[in-house]
Amino acid sequence: MKKKSNFSQKIRALHRDLGYFTIGLTLVYALSGIVLSGRALGWLEQKYILNTKIEKYLEEKELKNKINEAFNKQFLEKNIPNSLVQTALDFKHLRKVKENQELSIYKTKGKVILYEKEKGNITYEFYSYPIYIKKFIIAHKATHEKAWFYLAILYSIILTYLSISAIFMIKGKYGFKRRGVYFMLGGIATIVLFISLG
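Residues numbered from 1 in each chain as written. Predicted model: local features only at pLDDT ≥ 70, side-chain atom pairs only at ≥ 80, totals over all residues. Heavy atoms only, no water.

Some details on the sheet that holds strand β3 (residues 103-108)
The criterion, for reference: When DSSP finds two or more bridges between a pair of strands, those strands are recorded as paired. For the purposes of this entry, the term helix denotes a DSSP run of H or I that reaches at least four residues, the term strand denotes a run of E that reaches at least two, and both are numbered from the N terminus. The axes used here are C-alpha line fits, helices contributing only the stretch in contact, and every angle between their N-to-C directions lies in the interval 0 to 180 degrees.
Sheet architecture is open: 5 strands sit in the order β1-β5-β4-β3-β2, paired in antiparallel fashion. Strand pairing shows two members of the sheet lacking a second neighbour, β1 (46-53) and β2 (95-99), which therefore form its edges. Pairwise comparison of adjacent strand axes, ignoring direction, gives a mean angle of 20° for this sheet. Relative to β3, β2 runs antiparallel, the two sharing 4 bridges. Across the sheet, residue arginine 95 finds its bridge partner in β3, namely lysine 107.

Examining the side chain of threonine 108
Convention followed: Each residue's exposure class comes from its accessible area (1.4 Å probe, protein chains only) as a fraction of the maximum for that residue type: buried when under 20%, exposed when over 50%, partly exposed otherwise. Throughout, a residue-residue contact means that at least one pair of heavy atoms, one from each residue, lies within 4.5 Å.
One can find threonine 108 in strand β3. Assessed through its relative accessible area of 15%, threonine 108 is described here as buried. Not counting chain neighbours up to four residues away, the residues in contact with threonine 108 comprise His93, Leu94 and Arg95.

Focus on a nonpolar patch on the surface
Spelled out, the test is: A patch is a set of surface residues, each over 30% in relative accessible area and not in a salt bridge, joined within 9 Å for like charges and within 5 Å for the nonpolar side chains Val, Leu, Ile, Met, Phe, Trp and Tyr. Here the Shrake-Rupley method, with its probe set to 1.4 Å, supplies the accessible areas, and only the displayed protein chains count as covering residues. Should a side-chain nitrogen of Lys or Arg be within 4 Å of a carboxyl oxygen of Asp or Glu, the pair is scored as a salt bridge.
Taken together, Tyr20, Ile23, Leu27, Leu31, Ile34, Leu41, Trp43 and Leu44 make up a surface patch of nonpolar side chains, about 870 Å² in accessible area. Ranked by the residues each element gives to the nonpolar patch, the list is headed by helix α2 (residues 23-37), at 4 residues. Here leucine 41 lies in the loop between α2 and β1.

Looking at the nonpolar core
Threshold: Side-chain atoms within 4.5 Å are what join buried Ala, Val, Leu, Ile, Met, Phe, Trp, Tyr and Cys residues into a set we call a nonpolar core.
By size, the foremost hydrophobic cluster in this structure holds 20 residues, and its most contacted members are Ile54, Leu63, Ile67, Phe71, Ile113, Ile122 and Tyr124. Of all the secondary-structure elements, those providing two or more residues to this core are α3 (60-78), α4 (82-88), β4 (111-116) and β5 (121-128). Here the element with the most residues in this core is α3; it accounts for 5 residues. Residues within four places of isoleucine 67 in sequence aside, it is in contact with Ile54, Phe91, Ile113 and Ile122. Formed by 5 residues, the second largest nonpolar core is a distinct cluster that contains Val35, Leu36, Tyr129 and Ile133.

That's the geometry; what it means functionally is another story.
Right, dumping it as structure tokens:
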């Protein structure tokens, strides 16, 4: 009985310490996850408006290249972080939505480019997260090429331990066998429900 008690105490102590250790990580993933879940709604995004001047009467393909060059230079001069530059200069899905003799308008998700052909003026509007939020989102979506990836793996292992160790921590009527199992089944049922809802 004493061995079981010692085992339970060790699990609880490690569970407690790992819980303290992951408070910061949990907040990062929780808050950035909320932002990402609402990304289609534009939560916390800021509007940026940039202006520059390029050659007149450019064709669409050349126009994209010239805009890229002009704003890339502007970003470098203003010392804007690379993460924001990559978002701003991604014109992959840019399409023309309006054109007349004086003006061409191009749009893609969260971006609008107005090109005054007769003057060569460019007005570029786009939405992106502020830098302090962007960094957390990049961390949340980190791939194996980033250092954060290894911390994410460690965090996943710790979370696995925290969930499994909870089974052995409490005994008696509030323990897993009498009470915890119903909460676990409730959690699984909730996941199944939301998966079925799509």
